[in-house]
Amino acid sequence: MHKEHEEHQEHPDQSVTQDEFRDLLRAQRVWDLPELPSFDPDAAPGDPLPLFHRWFTEAVAAGQTEPHTATLATADEEGRPDLRTLMLHDADEHGWHFATHATSAKGRQLAARPEAALGFYWPAQARQIRVRGTVTARPSAEGQADLHARSTGALAAALTGRQSEVLGSAAELARASEAAWERAQAEPDTPVPTWTAYVLRPREVEFFQGDTRRRHIRLRYRRDGGDGTGGWLRELLWP
């Protein structure tokens, strides 16, 4: 009994009360910066891609942590929303690129409902970018080239596979991961058939510039025409 009591003392309960949580939540501040960047929507380019490239470059220069990560939102066959954070692989004239296993939850959801949204949040400059559109899978060769251009760790993770499946134990993951690392190091060109590159062709792209007085600037680019193939219309949105 004495030993059990000592073990309990070594690991005290770290829970907080609901009131403590609310007080802590309300004490947090947003964009505690000496100055926020300006944004003149009238001077924005006619296409959202150059503006995305510019804002990304400025986020990196401002020291934003992991600016290449984004939240991908999808929906399953029943229409229930889902999201996760992943890495952006490119943004070009075709759209915004990312990759995953076709057999993963998001891969299956995109196969059933090929519509998605990407969200970027860069608090170092009080900026957000939202991208919505149709997602298509790229040719298999492109997905494999994308994977093999990345790190050994990325290949090992892809070789481990079974993403989103139920895991029996941490030990099972450790064994599979170790085997995948060994194979990735010994066979750096080994293919991973389920690894797939995707591109989100935007129908809407919104740029949000925060303002300390909450007079946020929201500029939305929207495709002219219902099929998403027309030119870009620009419009301001109320914050």
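Our structure is the block above this text.
Draft legend 1. Looking closely at the pairing of strand 8 (residues 217–223). Note that strand 7 (residues 195–209) and strand 8 share six bridges and pair antiparallel. When the bridges of strand 8 are listed, F207 appears paired with L219. Pairing of strand 8 with strand 9 (residues 232–237) involves six bridges; the strand directions are antiparallel. Across the sheet, residue R222 finds its bridge partner in strand 9, namely L233.

Draft legend 2. Layout of the pattern of salt bridges. Across all of its chains, the model carries 16 salt bridges by this definition. Among the ionic pairs, R132 bridges to E204, the shortest N-O distance being 3.2 Å. With R132 in strand 6 (residues 127–137) and E204 in strand 7, this residue pair connects regions lying 72 residues apart in the sequence. Judged by relative accessible area, which is 37%, R132 ranks as partly exposed.

Draft legend 3. Here's a closer look at the pairing of strand 7. Along strand 7, 13 of the 15 residues are buried, which leaves the element largely enclosed by surrounding structure. Of the pairings in the sheet, the one linking strand 4 (residues 95–101) to strand 7 comprises six bridges and is antiparallel in character. Bridge pairing links H101 to W195 in strand 7. Relative to strand 7, strand 6 runs antiparallel, the two sharing 11 bridges. In the strand pairing of strand 7, V135 is matched with L200.

Draft legend 4. Focus on the nonpolar core. Counting 29 residues, the largest nonpolar core has F52, W96, L118, F120 and I129 as the members making the most contacts within it. Elements with a contribution of two residues or more to this core: helix 3 (48–61), strand 1 (69–75), strand 4, strand 5 (115–122), strand 6, strand 7 and strand 8. Per element, the largest residue contribution to this core is five residues, and it comes from helix 3. What I129 contacts, discounting residues up to four positions off in sequence, is F52, W55, L118, G119, F120, W122, V205, E206 and F207. Core analysis: the next-biggest nonpolar cluster, separate from the first, contains nine residues, L147, L155, A156 and A158 among them.

Analysis parameters
Residues numbered from 1 in each chain as written. Predicted model: local features only at pLDDT ≥ 70, side-chain atom pairs only at ≥ 80, totals over all residues. Heavy atoms only, no water. Pairing = 2+ DSSP bridges. Helix = DSSP H or I, 4+ residues; strand = E, 2+ residues; numbered from the N terminus. Salt bridge = Lys/Arg side-chain N within 4 Å of Asp/Glu carboxyl O. Buried < 20%, exposed > 50% of the residue type's maximum accessible area, 1.4 Å probe, protein only. Core = buried A, V, L, I, M, F, W, Y, C linked by side-chain atoms within 4.5 Å. Contact = heavy atoms within 4.5 Å.

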